[in-house]
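# Summary of the model geometry
Read off the chains here:
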Amino acid sequence: MRPIQSGEPGGDSIQARRSPGYPTQASGRYLFPRSSWHTGIGPSVVRAEINEGVAATRVLHRGRITPGHGRLYLDNTQALVTFVGVQKTYDGTTLVVPDLNLEIQRGEFLTLLGPSGSGKTTCLMMLAGFESPTAGEILLDGQPISRTPPHKRNFGVVFQNYALFPHLTIAENVAYPLTVRKVAKDECTRLVARALNMVRLEGLDARYPGQLSGGQQQRVALARALVFDPQLVLMDEPLGALDKQLREHMQIELKELHRKLGVTFVYVTHDQGEALTMSDRVAVFNDGRIQMIDTVEKLYETPSNRFVAGFVGDSTLLRGQCGTISAGQCEIVLPSGESLTGVNVNAAASGARVFGSIRPERIEAHFDAAPAAGNVMSAIVKDVIYFGDHLRLRCTLPDETEAKVRMALTSNAQPQAGKPVWLRFPNPHLRIYT
């Protein structure tokens, strides 16, 4: 079978949504010749042969006929889940989720990140069907599901406390979703074996949860959520009860499993490290609202507001007044009278109160003399902390603000507490917020 080329002329135009089995490696918009598809069950079903960097696969797509364009195309940008103006209140007065509008793309790993009480778990529970929106609508593949009970949504859910049945074997725990769906015994055995193989628990099917470690129990809960081929997997802080080393190991395993399966994951956590390690995109919540949603790189390197800059990762925070403004840049005038120039993120006006933020690894420390480049301030090394893979300096600026500097162990410098240091704040990495 030849690959289907983007831009080929076709017959009637059909805008289709990907089915769960669509190859995740294929992306973008493709045009198919009329000979490669046929309709069935009326005009809402399209069958196309796809070969876009993966093995040729015959996949079923659902869509709608749009006459007059003379082309057949597949639109991969269709969101799997959409929150439209969703609100939630528990007491009829206070909105814990004031107005949520969010699209979850098919096949992505999306993390809802935020402090306690930010509304992230409430949003997950509404998506799972355990809570109902007070207002607004949740759409799955364009269809409303707010009134659909949880057991009819075809979602897998993994909780922090695992929620395993202690009196059932591992195989029986994993098989539970299949049992309630009345799956045939032979098929059930095959699917359980496949799920346990996915999470590397082969040979442990006859054991009981009490005979497994915390990490193994978490894998059982994950296998149970995946065994029935769910459309979506929801996880509510599932690694919170594990120790640091095991938690980091499970983060890598979850990311690898997601890559292999291509299933949509929605993950809730307050741990920024987890979010940055595993996610394709992260939605940062505060006070029931999304402060920023973007890829992990943009979330960390270019936060859109002061809350995101302070909550995600570590940073040095400077307080001052907006000075000169020029072409997307502005000065921050510190209480000491010194000034630095950085990116004017929120279009601060001259004279406004502003906050500067920069990551510790972006600050350059010079111990012999001040560098010739601009954006330099003198400071005193307050403390030197050994972190194993780097040194962390705590430095005091003239206005008593503490600046945190991350230094690689390969540096030839030998910083000492009480010694002077000159800190350079590179202009592109100093972000100034209102």
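Each remark here, short or long, concerns the structure printed above.
In short, a report on the structure. Everything quoted here is computed from the prediction, not taken from an experiment.

What follows covers the pattern of salt bridges. Under the counting rule described, the total for this entry stands at 18 salt bridges. When the shortest N-O distance is used, the salt bridge between Glu 108 and Arg 281 registers 2.8 Å. Residue Glu 108 is located in the loop between strand S8 (95-105) and strand S9 (109-113), and its partner Arg 281 is located in strand S15 (residues 281-286); the two are separated by 173 residues in the primary sequence. Asp 314 is the partner of Arg 392 in a salt bridge, and the nearest nitrogen-oxygen pair spans 2.8 Å. With Arg 392 in strand S23 (residues 390-396) and Asp 314 in the loop between helix H8 (306-311) and strand S17 (316-326), this residue pair connects regions lying 78 residues apart in the sequence.

Before going further, it helps to examine the environment of Leu 127. For Leu 127, the location among the structural elements is in helix H1 (residues 120-128). Taking relative accessible area as the criterion, Leu 127 reaches 1% and is therefore assigned buried. In the structure, Leu 127 is positioned 13 residues away from Leu 140 in sequence and 9.5 Å away in space, judged by C-alpha atoms. Ignoring anything within four residues of it in the chain, the contact list for Leu 127 reads Val 81, Phe 83, Ile 104, Ile 138, Arg 153, Phe 155, Leu 232, Leu 234 and Val 266.

It is worth spelling out the sheet that holds strand S20 (residues 353-358) at this point. Strand pairing in a sheet is mediated by backbone hydrogen bonds. Such pairs are either parallel or antiparallel. Taking strand neighbours around the barrel as the criterion, the 5 strands line up as S17-S18-S19-S26-S20 in a closed arrangement whose pairing is mixed. Mean inter-strand twist for the sheet, computed between neighbouring axes without regard to direction, equals 55°. Relative to strand S26 (residues 431-433), S20 is paired through 3 bridges, and the arrangement is antiparallel. Residue pairing for S26: Phe 355 is matched across the bridge by Tyr 433.

Counting across every chain of the model gives 5 aromatic pairs. On the numbers, 5.9 Å between centres and 40° between planes, the contact of Phe 109 with Tyr 267 is tilted. With a gap of 158 residues between them, Phe 109 in strand S9 and Tyr 267 in strand S14 (residues 264-269) connect regions that are remote in the sequence. Like Tyr 267, Phe 109 is buried. Linked through ring pairs, Phe 109, Phe 265 and Tyr 267 together constitute an aromatic cluster. We note Arg 181 situated over the ring of Phe 228; from NZ or CZ to the ring centre the distance is 4.0 Å. Above the face of the Phe 387 ring, Arg 392 is positioned so that its terminal group lies 5.2 Å from the ring centre.

For the pair helix H2 (residues 170-180) and helix H3 (residues 185-198), interaxial distance at closest approach is 9 Å and the crossing angle is 115°. Between H2 and H3 the crossing geometry is right-handed. Together, Ile 170, Ala 171, Val 174, Ala 175 and Leu 178 of H2 and Cys 188, Leu 191, Val 192, Ala 195 and Leu 196 of H3 make up the contact between the two elements. Class assignment of the residues belonging to the contact of H2 with H3 gives a composition of 10 nonpolar, no polar and no charged.

Mapped onto the elements of the fold, Tyr 162 is located in the loop between strand S12 (155-158) and H2. Counting along the chain gives 77 residues from Tyr 162 to Leu 239, while the straight-line C-alpha distance between them is 9.6 Å. Setting aside anything within four residues of it in sequence, one finds Tyr 162 in contact with Gly 214, Gln 217, Gln 218, Ala 221, Arg 224, Pro 238, Ala 241 and Leu 242.

A word on the pairing of strand S16 (residues 289-295). Judged from the 6 bridges that link them, S15 and S16 form a sheet pairing that is antiparallel. Looking across to S16, one finds that Val 284 is bridged to Met 292. With antiparallel pairing between neighbouring strands as the criterion, S15 and S16 make up a hairpin whose turn holds 2 residues, including Asp 287 at a positive phi of roughly 55°.

Here we come to the pairing of S9. Summarising burial for S9: 5 of the 5 residues are buried, a large majority. Here S9 shows a buried face lined by Phe 109, Thr 111 and Leu 113 and a second buried face lined by Leu 110 and Leu 112. Relative to S14, S9 is paired through 5 bridges, and the arrangement is parallel. Residue pairing across strands places Leu 113 opposite Thr 269, the latter belonging to S14. The sheet contact formed by S9 and S15 spans 4 bridges and is parallel. In the sheet register, Leu 110 faces S15, and the bridge partner there is Arg 281.

Definitions and cut-offs
Residues numbered from 1 in each chain as written. Predicted model: local features only at pLDDT ≥ 70, side-chain atom pairs only at ≥ 80, totals over all residues. Heavy atoms only, no water. Salt bridge = Lys/Arg side-chain N within 4 Å of Asp/Glu carboxyl O. Helix = DSSP H or I, 4+ residues; strand = E, 2+ residues; numbered from the N terminus. Buried < 20%, exposed > 50% of the residue type's maximum accessible area, 1.4 Å probe, protein only. Contact = heavy atoms within 4.5 Å. Pairing = 2+ DSSP bridges. Axes fitted to C-alpha atoms, helices over the stretch in contact; angles between N-to-C directions. Phe/Tyr/Trp six-rings, centres within 6.5 Å; stacked < 30°, edge-to-face > 60°. Lys NZ or Arg CZ within 6 Å of the ring centre and 35° of its normal. Left-handed = near helix turned anticlockwise from the far one by under 90°. Nonpolar A, V, L, I, M, F, W, Y, C, P; charged D, E, K, R; others polar.

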